[in-house]
Amino acid sequence: MRPDLLRPLLGTIGLAVGFGLYSLTGRLAEPWQSLCIGAMFVLLGVAAWFYAGDERWIKVLGVILMAYGLLRAFLLR
């Protein structure tokens, strides 16, 4: 088998984009800051859910991320 060299590169780019977006939303005024950060966690959870396929622990992680995103958006400030 040949290792998939594109996967680590895409993961690194994804982390850089994620941290960049998180820091940019940190500059927003409330309530937009909490809503945007919460939406990012919800989207990350949805992406994890669809990526999971048959792996149950990734689906559970997706649900946890979605729940935290909703809590962050509407309750945690």
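Anything mentioned here points back to the structure above.
Structure report, in brief.

Rules used in this analysis
- Residues numbered from 1 in each chain as written.
- Predicted model: local features only at pLDDT ≥ 70, side-chain atom pairs only at ≥ 80, totals over all residues.
- Heavy atoms only, no water.
- Helix = DSSP H or I, 4+ residues; strand = E, 2+ residues; numbered from the N terminus.
- Patch = residues over 30% accessible without salt bridge, like charges linked within 9 Å, V, L, I, M, F, W, Y side chains within 5 Å.
- Areas by Shrake-Rupley, 256 points an atom, 1.4 Å probe, with all protein chains shown as cover.
- Salt bridge = Lys/Arg side-chain N within 4 Å of Asp/Glu carboxyl O.
- Phe/Tyr/Trp six-rings, centres within 6.5 Å; stacked < 30°, edge-to-face > 60°.
- Lys NZ or Arg CZ within 6 Å of the ring centre and 35° of its normal.
- Expected span 1.5 Å × (residues − 1).
- Buried < 20%, exposed > 50% of the residue type's maximum accessible area, 1.4 Å probe, protein only.
- Arc of directions from axis to C-beta.
- Lys, Arg positive; Asp, Glu negative; His and termini not counted.
- Contact = heavy atoms within 4.5 Å.
- Axes fitted to C-alpha atoms, helices over the stretch in contact; angles between N-to-C directions.
- Parallel < 35°, antiparallel > 145°, perpendicular 65-115°, else oblique.
- Polar contact = N/O pair within 3.5 Å; in protein donor to acceptor, adjacent residues only side chain to side chain.

## Observations concerning unusual backbone geometry
In step 1: A cis geometry characterises the amide bond from Glu30 onward to Pro31, with omega recorded as 5°.
In step 2: Mapping Pro31 onto the fold places it in the loop between α1 (6-25) and α2 (32-52).

## Focus on a nonpolar patch on the surface
In step 1: A surface patch of nonpolar side chains, amounting to about 650 Å² of accessible area, comprises Leu6, Leu9, Leu10, Ile13, Val17, Leu21 and Leu24.
In step 2: Of note, Leu9 is situated in helix α1.

## Topic: the packing of aromatic side chains
The geometry of an aromatic ring pair is captured by the separation of the ring centres together with the interplanar angle, meaning the angle of the planes.
In step 1: Per the counting criterion, the structure on display carries one aromatic pair.
In step 2: On the basis of an interplanar angle of 85° and a centroid distance of 4.9 Å, the ring pair of Phe41 and Tyr68 is categorised as edge-to-face. A residue pair is termed long-range when its members are at least 10 positions apart, and Phe41 in helix α2 and Tyr68 in helix α3 (residues 56-74) qualify at 27 residues.
In step 3: Of note, Lys59 hangs over the ring of Trp49, and the distance from its end group to the ring centre comes to 4.7 Å.

## Topic: α3
The α-helix winds at 3.6 residues per turn, so residues separated by three or four positions along the chain end up facing the same way.
In step 1: With 19 residues, α3 should cover 27 Å at 1.5 Å per step; its first-to-last C-alpha distance of 27 Å lies within 8% of that length.
In step 2: What α3 keeps buried is the set Ile58, Gly62, Leu65, Gly69, Arg72 and Ala73. For α3, the buried positions fall inside an angular range of 95° around the axis, keeping them on one side. In α3, those exposed residues whose orientation departs by more than 90 degrees from the buried face are Arg56, Trp57, Ile64 and Phe74.

## Here we look at the side chain of Arg72
In step 1: Structurally, Arg72 is set in helix α3.
In step 2: For the buried Arg72, which has no salt bridge, the nearest side chain bearing the opposite charge is Glu30, at an N-O separation of 5.5 Å.
In step 3: Residues contacting Arg72, with those up to four places away along its chain left out, are Tyr22, Ser34, Ile37 and Gly38.

## Re the packing of α1 against α2
In step 1: Where α1 meets α2, the closest approach of the two axes is 9 Å, and the angle between their N-to-C directions is 160°. Classified by the angle their axes make, α1 and α2 are roughly antiparallel. Taking contact as the criterion, the partners of Arg7, Leu21, Tyr22 and Thr25 in α1 are, on α2, Gln33, Cys36, Ile37, Met40, Phe41 and Tyr51.

## What to know about the side chain of Gln33
In step 1: Take Gln33: it is sitting in helix α2.
In step 2: In this structure the side chain of Gln33 is engaged in a polar contact, spanning 3.5 Å, whose partner is the backbone oxygen of Gly26.
In step 3: Each residue touching Gln33, except ones within four places of it in the same chain, is listed here: Thr25, Gly26 and Leu28.

Any functional reading would require information that these geometric values do not contain.
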